[in-house]
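Next come the chains, spelled out residue by residue.
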Amino acid sequence: MKPVELAQDTYWVGVVDYDHHDFHGYSMSPEGSTYNCYVIKDEKNVLIDTVPAGKAKTLLCRMAHVLQPEKIDYLVVNHMELDHEGSLAEVVAACKPEKIFCSTLGLKSMAGYYGKEMKDWPVQVVKSGDTISLGKHTLVFQETRMLHWPDSMVTYCPENKILFSQDAFGQNIATSWRFADEHDHSDLFHRVKEYYFNIVLPYSPQVLKTLPVVGSLDIAMIAPDHGLIWRGDMVKEIVDCYRTMAEQKPRQKAVVIYDTMWSSTERLAYGVCSGLEENGVPTTILSVKKNHHSAIMTALADASALAVGSPTHNNTVLPYIMSALTYIKGLRPKILVGGAFGSYGWSGESPKILQEYLAEMKCEMPADPVRVQWRPGHEAMAEAHELGRKMAECLKAKCQQ
Ligand code: FEO
């Protein structure tokens, strides 16, 4: 349980958690996550961020290899969500810091979570551009409101050239490695996309505002609060990747999601997929019963078209479909082109419901919904294929604009 040295007198002292698999509905990669926190030793010793409730002893034990808790002078709270500050009271009790730095809105959240427990805590509110000297090191604070909470801020140390970026640039990975260049590259960026599209995506306008600020700093390392630390050439790579994800420029790929009772809607899903693929749009099909809605969001990282299918059940759609759509809608992906389809036995409302739902999400709907009674035969499959073709033509036109 040793710290990892990032630069002279600067250490990672976080916790790897192989058991945490759900963040407010985002089902993570099977290995869990990492809660990073960092110590800088100087005339004033600082701990940047903490860990969830129940994990403080691991943090304090790891930190004790370089610094006993009571030697911490300053505590920086970059973000008050409880995966980072659930152990704050325990850490404050162990360290008895001279000052706790957080943003104005961080103080509000802290008061909301800790109430009377924090009445004697030495909290000092900081704003963008405020600096504190630790001795040889300086800390510069930058608020990043709504990236991804109102209270969020990042902390930059110019002497080490390290940006402590809280949730931004993070990934949910639990591993023995600490640096991004030590992990499989393809898997790493899959996790980056998974994290961004399941957590950060609605705040993409704030990301685009923040990236120039990040670009103005001389950064050797980005140390997020989750996952692996970016260094060397990978600093530019992750910043560029964030810009691409935040911009969500049209991508000539599609996702088809469906649920099915007796395989009829599933057959239609494959028909729509063929229509897309055969007209130049690579497509992924995901059953909502077999794939978590987080995996659907990750697939949408590379796609700008979405077709949704459900049979009619009790005059509406099957519940897993609506669950997935509710989650997708909340994260606000730019889905430029939509399509709806479904089979039915008696009443057949589901395709129209899906069509209207996607239109409300501001998807262009280039075709009427495909609505098929009982089993889809040759004609119905041709209709599904035609829906895919029309979606492909519409998407390609948007990609060329
Ligand atoms: Fe990792 Fe927003 O907490």
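Every chain begins its residue count from 1, and numbering advances along the sequence as written. Two thresholds apply to this predicted model, a pLDDT of at least 70 for residue-level local features and 80 or more for giving and counting side-chain atom pairs, whereas whole-chain, interface and lining totals are computed over all residues. Side-chain figures throughout are based on the complete set of non-hydrogen atoms in the structure, without hydrogens or water.

Trainee: Hey, could you run me through helix H8 (residues 264–277) in this one?
Mentor: Along an α-helix, residues three or four positions apart point the same way, because every turn accommodates 3.6 residues. In this model H8 runs 20 Å from its N-terminal to its C-terminal C-alpha over 14 residues, within 8% of the 20 Å that 1.5 Å per residue would give. Between buried and exposed lies partly exposed: a residue is buried under 20% and exposed over 50% of the maximum accessible area for its type, with that area taken using a 1.4 Å probe on protein chains only. Strands are runs of DSSP state E lasting at least two residues, helices are runs of H or I lasting at least four, and both sets are numbered from the N terminus onward. Those residues of H8 not exposed but buried are Ser264, Thr265, Leu268, Ala269, Gly271, Val272, Cys273, Gly275 and Leu276. Structurally, H8 contributes buried residues whose contacts are with strand S18 (254–258), strand S19 (283–287), strand S20 (305–309), strand S21 (337–344), strand S22 (370–373) and helix H12 (378–400). To estimate the expected span of a helix, count its residues, drop one, and scale the result by 1.5 Å. We call two residues in contact when some of their heavy atoms are within 4.5 Å.

Trainee: Quick question: what am I supposed to make of the pattern of salt bridges here?
Mentor: Pairing between side chains becomes possible if they bear opposite charge and their charged atoms approach one another. A side-chain nitrogen of Lys or Arg and a carboxyl oxygen of Asp or Glu constitute a salt bridge if their distance falls within 4 Å. All chains considered together, the criterion is met by 18 salt bridges. In this structure, lysine 44 and glutamate 98 form a salt bridge, with 2.8 Å as the shortest nitrogen-oxygen distance. Of this pair, lysine 44 sits in the loop between strand S7 (38–40) and strand S8 (46–48) while glutamate 98 sits in the loop between helix H3 (88–95) and strand S10 (99–102), and the two are 54 residues apart along the sequence. Owing to a relative accessible area of 26%, lysine 44 belongs among the partly exposed residues under this scheme. Across the pair lysine 119 and aspartate 120 runs a salt bridge, and its minimum N-O distance is 3.4 Å. Each member of the pair, lysine 119 as well as aspartate 120, carries the same accessibility label: exposed.

Trainee: Looking at this structure, I do not really get the pairing of strand S13 (residues 138–143). What am I missing?
Mentor: The side chains of a regular strand alternate, residue by residue, between the two faces of the sheet. The side-chain alternation of S13 yields one buried face, formed by Leu139, Phe141 and Glu143, and one unburied face, formed by Thr138, Val140 and Gln142. Pairs of strands are assigned from DSSP output, requiring at least two bridges between the strands. Sheet analysis places strand S12 (residues 131–133) next to S13, joined by three bridges and oriented antiparallel. Each residue of the ladder has a partner; that of threonine 131, found in S13, is valine 140. Counting the residues in the hairpin turn of S12 and S13 gives four residues, including glycine 135, whose phi is positive at 130°.

Trainee: Would you take a moment to explain the packing of aromatic side chains for this structure?
Mentor: Working definition: an aromatic ring pair is given by the centre-to-centre distance plus the angle between the planes. Stacked, tilted and edge-to-face are the three classes assigned to paired rings of Phe, Tyr and Trp, where Trp is represented by its six-membered ring and a pair needs centres within 6.5 Å; plane angles under 30 degrees give stacked, over 60 edge-to-face, the rest tilted. The tally for this structure, following the rule as stated, stands at eight aromatic pairs. Aromatic side chains phenylalanine 169 and tyrosine 242 sit 4.5 Å apart centroid to centroid with 45° between the ring planes, which places their arrangement in the tilted category. Highlighted residues: phenylalanine 169 in the loop between strand S15 (162–166) and helix H5 (185–200) and tyrosine 242 in helix H7 (residues 234–247), separated in sequence by 73 residues. For the pair phenylalanine 169 and tyrosine 242, one class covers both residues: buried. When the ring of tyrosine 196 is compared with that of phenylalanine 197, the centres are 5.8 Å apart and the planes differ by 55°; the resulting orientation is tilted. When its relative accessible area of 1% is taken as the criterion, phenylalanine 197 is described as buried.

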